[in-house]
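Residues per chain are reported as follows:
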Amino acid sequence: MKLKTIPQEYQNALPILKKIEQAGYEAYFVGGSVRDVLLNQPIHDVDIATSAFPAEIKEIFPRTIDVGIEHGTVLVLDGDDKYEITTFRTESTYQDYRRPDHVEFVRSLAEDLKRRDFTINAFALKEDGEVIDLFDGLQDLTNQVLRAVGNPHERFHEDALRMMRGLRFVSQLGFELEEETFASIYENHALLAKISVERINIEFIKLLLGKYRNQGLKMFVETECYLYCPMLRNAGQGLLKFAELSEKQIHEEAHAWVLLLDQLQIESNSIRTFLKAWKCSNELIRTVQNVYEGLQQRKTSYFSKQLLYELGEYQAVLVESLLPYFNLTADVSTVQEDYLQLPIHSLQDLAINGTILMEHFDKKPGKWLKDTLSACEQAVVAGEISNQQSQLLVFAQQFI
Ligand code: ATP
Ligand code: MG
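Residues numbered from 1 in each chain as written. Chains lettered and ligands numbered in written order. Predicted model: local features only at pLDDT ≥ 70, side-chain atom pairs only at ≥ 80, totals over all residues. Heavy atoms only, no water.

The protein is annotated in an unreviewed UniProt entry as CCA-adding enzyme from Candidatus Enterococcus willemsii. Note on the protein: under the UniProt heading Subunit (unreviewed entry), the record states "Homodimer." Quoted verbatim from the Cofactor (unreviewed entry) field of UniProt, the annotation for the protein is "Mg(2+)". (UniProt positions renumbered as here; feature names shortened; annotations may be inferred.)

Trainee: Talk me through the site of ligand 1; I want residue IDs and the actual numbers.
Mentor: Around ligand 1, the surrounding shell holds 14 residues, and the nearest of these are Arg 35, His 44, Asn 121, Arg 162 and Arg 168. Within the side chain of Arg 35, one N or O atom sits 2.8 Å away from an oxygen atom of ligand 1. His 44 places a polar side-chain atom, nitrogen or oxygen, 2.8 Å from an oxygen atom of ligand 1. Coverage of ligand 1 by the protein amounts to 80% of the 590 Å² it exposes when considered alone. The biggest single contributor to the shell around ligand 1 is helix H7 (residues 161–173), with four residues. Taken together, the residues that form the shell around ligand 1 break down as one nonpolar, four polar and nine charged. Residues lining the shell around ligand 1 come from more than one domain, with at least three contributed by each of domain 1 (1–143) and domain 2 (144–244). (Near = heavy atom within 4 Å. Polar contact = N/O pair within 3.5 Å; in protein donor to acceptor, adjacent residues only side chain to side chain. Areas by Shrake-Rupley, 256 points an atom, 1.4 Å probe, with all protein chains shown as cover. Helix = DSSP H or I, 4+ residues; strand = E, 2+ residues; numbered from the N terminus. Nonpolar A, V, L, I, M, F, W, Y, C, P; charged D, E, K, R; others polar. Domains from an automatic or database assignment.)

Trainee: Describe the UniProt feature "binding site: CTP" (unreviewed entry) in the protein, with residues and values.
Mentor: Those residues carrying the UniProt feature "binding site: CTP" (unreviewed entry) are Gly 32, Arg 35, Arg 116, Asp 159, Arg 162, Arg 165 and Arg 168 in this numbering. As for its position among the elements, Gly 32 is in helix H2 (residues 32–38). Relative to the helices and strands, Asp 159 is located in the loop between helix H6 (152–158) and H7.

Trainee: Run through the pattern of salt bridges, naming residues and quoting values.
Mentor: As enumerated under the stated definition, the model contains 18 salt bridges in all. A salt bridge links Glu 158 to Arg 162; the shortest N-O distance between them is 2.8 Å. The closest approach of N and O atoms between Asp 159 and Arg 199, which form a salt bridge, is 3.1 Å. Highlighted residues: Asp 159 in the loop between H6 and H7 and Arg 199 in helix H9 (residues 197–208), separated in sequence by 40 residues. For the pair formed by Asp 159 and Arg 199, the shared burial category is buried. Each of Asp 117, Arg 165, Arg 168 and Glu 203 takes part in one network of salt bridges that share partners. (Salt bridge = Lys/Arg side-chain N within 4 Å of Asp/Glu carboxyl O. Buried < 20%, exposed > 50% of the residue type's maximum accessible area, 1.4 Å probe, protein only.)

Trainee: Kindly report on the UniProt feature "domain: CCA-adding enzyme C-terminal" (unreviewed entry) in the protein, identifying the contributing residues and their values.
Mentor: The UniProt feature table records "domain: CCA-adding enzyme C-terminal" (unreviewed entry) at residues 249–396. When the span residues 249–396 is considered, its composition is 64% helix and 0% strand, and the gap between its end C-alpha atoms is 49 Å.

Trainee: Requested: an account of the nonpolar core, with residues and values cited.
Mentor: Counting residues in each nonpolar core, the largest one holds 120 residues, and the members touching the most others are Phe 29, Phe 220, Leu 232, Trp 257 and Phe 274. Setting aside anything within four residues of it in sequence, one finds Trp 257 in contact with Asn 201, Phe 204, Ile 205, Phe 274, Leu 275, Trp 278, Cys 280, Leu 284 and Val 288. (Core = buried A, V, L, I, M, F, W, Y, C linked by side-chain atoms within 4.5 Å. Contact = heavy atoms within 4.5 Å.)

Trainee: Just give me the short version of the packing of aromatic side chains, but keep the residues and values in it.
Mentor: The tally for this structure, following the rule as stated, stands at 10 aromatic pairs. Note on Phe 220 and Tyr 226: the rings are 6.4 Å apart at their centroids and 65° apart in plane angle, and the pair reads as edge-to-face. Pairwise contacts between aromatic rings join Phe 204, Phe 220, Tyr 226, Trp 257 and Trp 278 into one cluster. Directly above the ring of Tyr 228 sits Arg 233, whose terminal nitrogen or CZ lies 5.0 Å from the centroid. Lying over the aromatic face of Phe 326, Lys 299 brings its terminal NZ or CZ to 4.3 Å of the ring centre. (Phe/Tyr/Trp six-rings, centres within 6.5 Å; stacked < 30°, edge-to-face > 60°. Lys NZ or Arg CZ within 6 Å of the ring centre and 35° of its normal.)

Right under this line is the structure:
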């Protein structure tokens with residue numbers, strides 16, 4: 001099969017392929033971008049595979065960066081563009097069902113395509129638009145089927161993460177798992193215990209953000225892969241409930257976690273433990289905690305000024321935009337306006353500070369100072385007093 005039109009992203013990269021070929025090697029576009037072109041979807045990263053070894057690539061191009069030379073990947077800089085160029089490789093020795101401990105560079109494209117996970121990810125595209133399809137991936141694309149390359153059982157034993165990748169492609173593309181591939185994931189799901197949480201996390205989030213999330217979640221439960229993901233041992237029912245929640249796609253990682261926690265009915269005070277087990281960053285955990293709690297309040301009534309102030313604009317918008325998942329109407333612009341209307345937006349905006357209070361009351365620093373500032377802050381946010389130094393000092397006097 002030959003592409004009728006070559007997408008712009010590939011056109012831009014054609015001189016790179018040509019240069020490699022002129023030096024006497026083979027070079028192709030490979031991986032997810034070829035799949036996405038064939039599905040008429042936008043491409044993100046253009047990956048190039050070549051028979052040239054990394055040192056040979058570095059001889060051809062003057063500007064390169066070693067981004068993963070032990071895996072055979074060299075980054076080639078071309079004007080403002082950069083391309084990852086990876087030498088054809090096989091992954092010979094697999095330890096413990098994880099990624100191989102070393103890779104072997106080879107000169108054969110077929111060898112390289114054979115080690116890829118699914119038939120629809122194992123295309124190579126030639127410079128002239130010819131699609132190389134060694135595993136009938138085109139037929140699987142047409143039939144909307146996700147099929148492991150070769151023997152699924154062996155492939156999931158080589159790298160168990162492929163099972164999670166399979167589920168996330170179900171969620172992203174709405175494809176069905178081919179029968180043997182499904183059976184093999186079901187049979188081998190416990191191998192996920194061998195995979196690092198960080199790698200599982202990446203695929204799980206992609207699953208939750210997929211357009212066909214409901215389908216992906218159902219497969220996640222049916223194959224029992226969820227049993228070997230952090231904190232989800234008893235979550236089968238909750239995950240199915242999540243699958244039924246709404247058709248609406250999720251676009252924010254924080255939203256995905258909040259909705260998951262909400263559907264699993266995780267208590268507020270367990271959120272940190274839950275997300276730590278998933279190795280989420282502290283920043284993300286804080287955001288999820290705040291948005292989760294904000295959401296519980298927002299489901300029953302509009303934001304109080306206090307809540308709006310505490311959340312800040314970014315998190316308040318995150319809360320508001322979750323409402324449609326619960327068949328409630330979101331009004332993000334009203335939330336933004338109401339936030340702007342708050343008399344202050346942080347403690348720095350308050351017309352008094354610690355130094356002023358200490359001088360005025362001739363007192364040394366202590367707990368009283370923090371408490372007084374906080375009381376002033378709350379009174380101003382609530383609109384009980386205006387943000388003027390004289391008024392605040394009268395209020396503080398009464399408070400102390
Ligand atoms: P995305 O669109 O999310 O980037 P992708 O298919 O491009 O999806 P990548 O992780 O970018 O996924 O990997 C690029 C390609 O490398 C895949 O299309 C596949 O051919 C191969 N690949 C990636 N991870 C694995 C794996 N664990 N086992 C086998 N092949 C893999
Ligand atoms: Mg990719």
